[in-house]
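# Report on the structure
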Amino acid sequence: MSKPSVFVTRIIPDRGLAMLRERCDVRVWEDELPTPADVLRREVAGVDGLVCLLSDRIDAALIEAAPNLKVISQYAVGFDNIDVKAATARRIPVGNTPGVLTETTADLAFALLMAAARRLPEGERYVHAGKWKTWGPMLLMGQDIHGATLGILGLGRIGQAMARRARGFNMRVIYAHSRDVPEAASLGAERVSLDELLARSDFISLHTPLTPATHHLIDAAAFGKMKPTAILINTARGGVVDPDALYQALAGGRIAGAALDVTEPEPLPADHPLLTLDNCLVVPHVGSSSTATRGQMAVMTAENLLAGLRGERLPHCVNPEVYA
Ligand code: DGY
């Protein structure tokens, strides 16, 4: 019997790829850059399964171009790059990788918070540039983390993991969320309105998915409500922050700093104005990038895909209504 055919839009860790290769005819786009849209469209034409990344645009037209497609498996927890409605209309289940990357992403969010607070990238640049001549009584003074207020926008899995880290550093934790989060009590986190969060926080960490409602939620008006000493951390999605407003806020001293794992656009071009600022730390969307976590994400991606090909319910499905 012939094996189902699967296209994988980029090389993912071998733990997952090996599972796929054992049971399917697998074609992998082996370039370092994403599969070009026209190639992707060609490749999906005959496939039964698709493994994709957050950098691939899986829209209605692409899904339309894949008449045999039985399952889409995303190697990420976020899936704002996929037209889930279009997939659901075709009764194609879409899988993702929740849970496994929670702690790893929170580790990075907290690392960004600490690095921005204590101006680590500036310090490193200073030393590398040969400027370190003596101990400086006022050199690179940053902000205390202990005792500061952390505002968490979106107290889901990763937001809660961030709150746990903050408690260990003796921070006060407040959060804004569309509803009361039951876990908040044990985290000592107080629910406040978005405006109150913006006004009270020394550090604001974004942990909300990108949806039409959260697109550019952090705009000029939001920056206007923050403390001038505030530091913004974004490990969620770049589109939650208006990049022009962020640039103005940082360049004009409206807020003290930002530390970004995600940007709009992504990747950020090397000549982007944000990269000219000393108080803006940017890393290349590596929140979940530990060897163990990315390996486990690959396994979950393969498990979702294989379940979909067998016609079974995906272990992690973002559109369970396809099973109704
Ligand atoms: C995700 O999974 O959505 C992250 O942004 C990348 O791991």
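Residues numbered from 1 in each chain as written. Predicted model: local features only at pLDDT ≥ 70, side-chain atom pairs only at ≥ 80, totals over all residues. Heavy atoms only, no water.

Before going further, it helps to examine the packing of helix α1 (residues 14-23) against helix α12 (residues 291-309). Remark: α1 packs on α12, axes separated minimally by 6 Å, with the N-to-C direction vectors making an angle of 25°. Between α1 and α12, the crossing angle belongs to the class labelled roughly parallel. Contacts between α1 and α12 pair Arg15, Gly16, Met19, Leu20 and Arg23 from the former with Ala292, Gly295, Gln296, Ala298, Val299, Ala302, Glu303, Leu305 and Leu306 from the latter. Considered class by class, the residues forming the contact of α1 with α12 number eight nonpolar, three polar and three charged. (Axes fitted to C-alpha atoms, helices over the stretch in contact; angles between N-to-C directions. Helix = DSSP H or I, 4+ residues; strand = E, 2+ residues; numbered from the N terminus. Parallel < 35°, antiparallel > 145°, perpendicular 65-115°, else oblique. Contact = heavy atoms within 4.5 Å. Nonpolar A, V, L, I, M, F, W, Y, C, P; charged D, E, K, R; others polar.)

Turning next to the site of the ligand. Around the ligand sit Leu54, Ala76, Val77, Gly78, Leu101, Arg237, His285, Ser288 and Met297, and those are all the residues in its vicinity. The separation between an oxygen atom of the ligand and a polar main-chain atom of Val77 is 2.7 Å. Here an oxygen atom of the ligand and a side-chain polar atom of Ser288 are 2.5 Å apart. Protein burial of the ligand: of its 230 Å² of free accessible surface, 90% is covered by the chains. Of the residues in the shell around the ligand, the class split is five nonpolar, three polar and one charged. (Near = heavy atom within 4 Å. Polar contact = N/O pair within 3.5 Å; in protein donor to acceptor, adjacent residues only side chain to side chain. Areas by Shrake-Rupley, 256 points an atom, 1.4 Å probe, with all protein chains shown as cover.)

Here we take up the pattern of salt bridges. Within the structure shown, the criterion is met by 16 salt bridges. Where Asp80 meets Arg237, a salt bridge forms, and the shortest distance between an N and an O atom there is 2.9 Å. One end of the pair, Asp80, is in the loop between β4 (71-74) and α4 (84-89); the other, Arg237, is in the loop between β10 (231-234) and α11 (243-251), with 157 residues separating them in the sequence. The salt bridge partner of Arg125 is Asp278, with a shortest N-O separation of 3.2 Å. (Salt bridge = Lys/Arg side-chain N within 4 Å of Asp/Glu carboxyl O.)

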